[in-house]
Amino acid sequence: MPDSQPQPPRDPGGDATPPAVPPGALPGDSALVLCGARLADGRTVDVRLSGGRIEAVGTAGSLVPGPRVDLSGYLLLPAPAEPHAHGDTALTADADGPVPYAVEDVQRRATEAALLQLSHGATALRSHVRIGDVQGLRSLEAVFQARRALRGLTDLTAVAVPRLLTGIAGADGLAMLRDAVKMGAAVGGCPDLDPDPTGYTETVLGLAAEHGCAVDLHTDGDDPARLARLAAMAGGLRPGVTLGPCGGLSRLPYEAAARAAEQLAAAGVTVVCLPQGDCGALEQRGARVSHCAPVRLLRAAGVRVTAGSGALRDAANPVGRGDPLEAAFLLASRGELRPAEAYEAVSGRAREAMGLERVRVEAGFPAELLAVRGERIEGVLSLAYSRLVVHQGRVVARTSAVREYCDTSTATSPALPRQSSRGGESPS
């Protein structure tokens with residue numbers, strides 16, 4: 001019998017072959033059963049999806065027949081989300097000459113970046129997009145076009161990032177930011193780059209309060225006084241304020257960083273750290289050495305902390321992967337978080353920061369899931385190659401790894417023996 005039956009929606013808060021996806025698995029309003037999946041608590045279960053939500057969770061073999069995907073040998077988890085991406089500049093590291101910013105170029109980059117991150121498991125993506133200067137609102141328009149093209153595959157939202165907002169030079173930026181909010185963007189920016197960081201922050205928070213929209217700001221966090229003023233202004237704003245990447249906190253003396261963390265916690269600010277390196281918005285400050293925010297210190301003070309990928313193969317990080325599981329791996333390998341906590345930072349905490357409904361592998365929750373070859377979260381973060389991604393109750397992406405070895409006893413033979421299912425990654 002099913003262990004878990006439908007409940008009202010809740011608010012935020014192996015085989016040697018890859019799983020086959022039947023044609024019936026594709027429509028989001030059709031029932032689909034994920035069979036033989038292992039959960040983080042060690043249970044092996046069947047999970048039935050219908051109408052974009054988890055309909056039931058039962059012991060293996062207990063759910064009624066229908067379109068099925070065999071997930072034997074896979075760990076089933078809530079899907080990650082990407083809270084800090086830069087789709088307008090993604091995949092430009094190899095560009096010859098100036099980066100093109102025509103609408104079609106930005107749309108193509110934003111689409112390709114979102115699909116790449118979807119293949120890693122991120123079914124929701126928040127992209128920071130520069131507005132102003134010669135681009136005006138064209139890059140934002142292009143990202144919204146990508147959003148429409150990707151509907152049903154991934155949820156793409158945008159944050160407008162003006163360069164200047166104060167003084168005569170900032171008048172155009174403020175007008176564009178107002179237009180961007182009307183288009184549906186969240187309010188963002190980088191106060192550190194404005195001649196008047198406090199005035200910039202006041203403008204952003206005032207506009208967000210006026211329109212009731214989210215605020216997601218870039219800051220290095222290396223100026224305790226500036227950070228204290230920002231926290232004081234952000235306190236009480238709803239739906240809340242997100243800051244990132246805050247790597248400068250790691251360069252402060254411990255006492256100063258601890259005081260800043262307490263102030264951020266009191267203000268209810270969420271911090272998005274970037275374990276893989278800083279993003280392009282902070283690159284303009286000339287900083288070349290990247291530091292991750294002090295996650296343990298922030299969490300000890302009560303700050304909500306999530307993790308993003310930041311730059312994806314652009315000038316700020318030419319080797320950025322945009323993989324949330326790599327962000328979790330780095331947090332765990334550096335001792336900032338335990339493996340399960342690190343995964344939560346890129347999944348549940350990331351969704352919370354983005355204002356999305358919480359996901360659990362239980363009936364009634366959204367069917368936003370990631371299946372990864374492996375048995376435990378530690379192994380998944382170490383060797384997470386083969387993955388299957390579920391968005392709105394349907395399989396939207398699958399990556400399968402092949403590992404083969406030469407037979408040393410018959411070196412002249414062209415055939416390579418396939419790895420057994422006990423060896424970790426399975427062949428595809």
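Residues numbered from 1 in each chain as written. Predicted model: local features only at pLDDT ≥ 70, side-chain atom pairs only at ≥ 80, totals over all residues. Heavy atoms only, no water.

A. Quick look at unusual backbone geometry. Of note, the bond from Gly244 into Pro245 is cis; its omega dihedral lies within 30 degrees of zero at 0 degrees. Structurally, the position occupied by Pro245 is in strand 12 (residues 241-245). Its identity as a non-glycine residue notwithstanding, Gln392 has a phi of 55 degrees, on the positive side. As for its placement among the helices and strands, Gln392 is situated in the loop between strand 16 (387-391) and strand 17 (394-399). (Helix = DSSP H or I, 4+ residues; strand = E, 2+ residues; numbered from the N terminus.)

B. Just the sheet that holds strand 13 (residues 270-273), in detail. Spatially, 7-8-9-10-11-12-13-14 is the arrangement adopted by the eight strands of the open sheet, whose pairing is parallel. Two strands bound the open sheet, and with one partner strand each, they are strand 7 (82-85) and strand 14 (304-307). Pairs of neighbouring strands in the sheet enclose a mean axial angle of 25 degrees, with direction left out of account. Sheet analysis places strand 13 next to strand 14, joined by four bridges and oriented parallel. From the neighbouring strand, Val271 faces strand 14, where its bridge partner is Val305. (Pairing = 2+ DSSP bridges. Axes fitted to C-alpha atoms, helices over the stretch in contact; angles between N-to-C directions.)

C. Region of interest: the pattern of salt bridges. Under the defined criterion, the tally for this structure stands at 21 salt bridges. Asp105 serves as the salt-bridge partner of Arg108, at 3.9 Å between the closest nitrogen and oxygen. Taken as a pair, Arg108 and Asp105 lie in helix 1 (residues 103-120) at a separation of three residues, close to a single helical turn. When salt bridges that share partners are traced, they join Asp105, Arg108 and Glu112 into one network. (Salt bridge = Lys/Arg side-chain N within 4 Å of Asp/Glu carboxyl O.)

D. Examining the packing of helix 1 against helix 2 (residues 138-149) more closely. Axis separation between helix 1 and helix 2 bottoms out at 8 Å; the angle between their running directions is 45 degrees. In terms of orientation, helix 1 and helix 2 fall into the oblique class. Crossing of helix 1 against helix 2: the hand is right-handed. Side by side, helix 1 and helix 2 meet where Val103, Val106, Gln107, Ala110 and Thr111 of the first sit next to Arg138, Ser139, Ala142, Val143, Gln145 and Ala146 of the second. Residues belonging to the contact of helix 1 with helix 2 are distributed by class as follows: six nonpolar, four polar and one charged. (Parallel < 35°, antiparallel > 145°, perpendicular 65-115°, else oblique. Left-handed = near helix turned anticlockwise from the far one by under 90°. Contact = heavy atoms within 4.5 Å. Nonpolar A, V, L, I, M, F, W, Y, C, P; charged D, E, K, R; others polar.)

E. View of the side chain of His391. Inspection of the secondary structure assignment puts His391 in strand 16. A relative accessible area of 0% means that His391 is categorised as buried. Engagement of the side chain of His391 in a polar contact is seen with the side chain of Glu368, the distance being 2.7 Å. In contact with His391, not counting residues within four places along its chain, are Thr123, Gly152, Leu153, Thr154, Asp155, Ala367, Glu368 and Val396. (Buried < 20%, exposed > 50% of the residue type's maximum accessible area, 1.4 Å probe, protein only. Polar contact = N/O pair within 3.5 Å; in protein donor to acceptor, adjacent residues only side chain to side chain.)

F. Summary view of the pairing of strand 17. The sheet contact formed by strand 16 and strand 17 spans five bridges and is antiparallel. If you follow Val390 over to strand 17, its bridge partner there is Val395. Following strand 16, the chain reverses through two residues before pairing antiparallel with strand 17; Gln392 in that reversal takes a positive phi of roughly 55 degrees.

G. Spotlight on helix 5 (residues 224-234). Residues Leu227, Leu230, Ala231 and Ala234 constitute the buried set of helix 5. Seen end-on, helix 5 carries its buried residues on one side only, within an arc spanning 100 degrees. Where helix 5 is buried, its residues contact helix 4 (197-211), strand 11 (215-219), strand 12 and helix 6 (254-267). You can read the cap of helix 5 off the contacts: a side-chain oxygen lies 3.1 Å from the backbone nitrogen of Ala225, and it is on Asp223. Just downstream of helix 5 lies Gly236, where phi reads positive at about 90 degrees. (Arc of directions from axis to C-beta.)

H. The packing of helix 5 against helix 6, seen in detail. Remark: helix 5 packs on helix 6, axes separated minimally by 8 Å, with the N-to-C direction vectors making an angle of 10 degrees. By the criterion of interaxial angle, the relationship of helix 5 to helix 6 is roughly parallel. Within the contact between the two elements, helix 5 uses Pro224, Leu227, Ala228, Ala231 and Ala234 and helix 6 uses Ala256, Ala260, Gln263, Leu264 and Ala267.

I. Summary view of helix 1. In this model helix 1 runs 26 Å from its N-terminal to its C-terminal C-alpha over 18 residues, within 8% of the 26 Å that 1.5 Å per residue would give. Along helix 1, the residues classified as buried are Val103, Asp105, Val106, Arg109, Ala110, Thr111, Ala113, Ala114, Gln117, Leu118, Ser119 and His120. One or two residues past the end of helix 1 sits Gly121, with phi positive at roughly 125 degrees. (Expected span 1.5 Å × (residues − 1).)

J. Looking closely at the side chain of Glu326. Within the secondary structure layout, Glu326 lies in helix 9 (residues 324-333). Its relative accessible area of 18% is what places Glu326 among the buried residues. Among the polar contacts made by the side chain of Glu326, one reaches the side chain of Gln276 at a distance of 2.5 Å. Among all residues touching Glu326, those that are not within four sequence positions of it are Gln276 and Arg321.

K. Here's a closer look at the nonpolar core. Counting 80 residues, the largest nonpolar core has Leu140, Leu243, Leu264, Leu298 and Leu331 as its most contacted members. By residue number, the principal contributor to this core is helix 6, which donates six residues. What Leu331 contacts, discounting residues up to four positions off in sequence, is Cys273, Pro275, Cys292, Val295, Ala307, Glu336, Leu337, Ala342 and Ala345. Core analysis: the next-biggest nonpolar cluster, separate from the first, contains 21 residues, Leu39, Val47, Ala371 and Leu388 among them. (Core = buried A, V, L, I, M, F, W, Y, C linked by side-chain atoms within 4.5 Å.)

L. Seen up close, the environment of Ala281. Of note, Ala281 is situated in helix 7 (residues 280-283). When its relative accessible area of 6% is taken as the criterion, Ala281 is described as buried. In contact with Ala281, other than residues within four places in its own chain, are His86, Arg130, Cys190, Leu193 and His218.

M. Representation of the confidence of the model for the protein chain within the structure. Model confidence for the protein chain is summarised by a mean pLDDT of 88, while 87% of its residues fall at 70 or above. Scored below 50 in pLDDT, residues 1-16 makes 51 contacts in the model with residues more than four places away or belonging to other chains. (pLDDT = per-residue confidence, 0-100.)

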